[in-house]
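Here is what each chain is made of, one letter per residue.
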Amino acid sequence: MMWHWIALTVFSLTLLPAALALLTGRIPHRLRARLAPARPRGWALLLLWAAAPLNTIPRLADAPPEITLAATATAGALAIGGCVLAAAAAHRAPKAAP
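Reading the values: the criteria
- Residues numbered from 1 in each chain as written.
- Predicted model: local features only at pLDDT ≥ 70, side-chain atom pairs only at ≥ 80, totals over all residues.
- Heavy atoms only, no water.
- Core = buried A, V, L, I, M, F, W, Y, C linked by side-chain atoms within 4.5 Å.
- Buried < 20%, exposed > 50% of the residue type's maximum accessible area, 1.4 Å probe, protein only.
- Helix = DSSP H or I, 4+ residues; strand = E, 2+ residues; numbered from the N terminus.
- Contact = heavy atoms within 4.5 Å.
- Axes fitted to C-alpha atoms, helices over the stretch in contact; angles between N-to-C directions.
- Parallel < 35°, antiparallel > 145°, perpendicular 65-115°, else oblique.
- Left-handed = near helix turned anticlockwise from the far one by under 90°.

J.: So, the nonpolar core: which residues are in play, and what are the values?
T.: By size, the foremost hydrophobic cluster in this structure holds six residues: Leu15, Ala19, Leu23, Leu46, Trp49 and Ala50. Elements supplying a minimum of two residues to this core: α1 (2–24) and α2 (38–60). When near neighbours in sequence (up to four residues on either side) are disregarded, Leu23 contacts Arg39, Gly42, Trp43 and Leu46.

Right under this line is the structure:
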């Protein structure tokens, strides 16, 4: 159980602020060129972060196995969606000049 709390804390302290910063456009000027489609990347990070609480909270609450399985499946779907969105954002990014 301790590892669930640690993972939830780490994901909440790293991915959530980064996702919110990208969504609102509050990123440093020197990184704007590298994170060109910032909003899609922010949504991707938010989807990846959402997988952590969906996996952790039912287990910490000692939920029945059916609820835990449904939450884990939903978390997997959100994680896949976040990965697809991140890949699409990277594909849409402007290419650097050689």
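Back to the write-up after that little detour.
J.: I'd like a description of the packing of α2 against helix α3 (residues 65–92), backed by residues and values.
T.: Where α2 meets α3, the closest approach of the two axes is 8 Å, and the angle between their N-to-C directions is 165°. Classified by the interaxial angle, the pair formed by α2 and α3 is roughly antiparallel. Here α2 runs over α3; the crossing is left-handed.

J.: Tell me about unusual backbone geometry, residues and numbers included.
T.: Excluding glycine, a negative phi dihedral is what most residues carry, and trans is how most peptide bonds are arranged. The residue Asp62 is not glycine, and still its phi comes out positive at about 55°. Mapped onto the fold, Asp62 is located in the loop between α2 and α3.

J.: Describe the environment of Thr72, naming the residues involved and giving the relevant values.
T.: By the secondary structure assignment, Thr72 is in helix α3. Relative accessible area serves as the criterion here: at 27%, Thr72 is assigned to the partly exposed category. Sequence separation between Thr72 and Arg32 is 40 residues, and the spatial gap between their C-alpha atoms is 34 Å. Leaving out residues up to four positions away in the same chain, Thr72 has contacts with Asn55 and Arg59.

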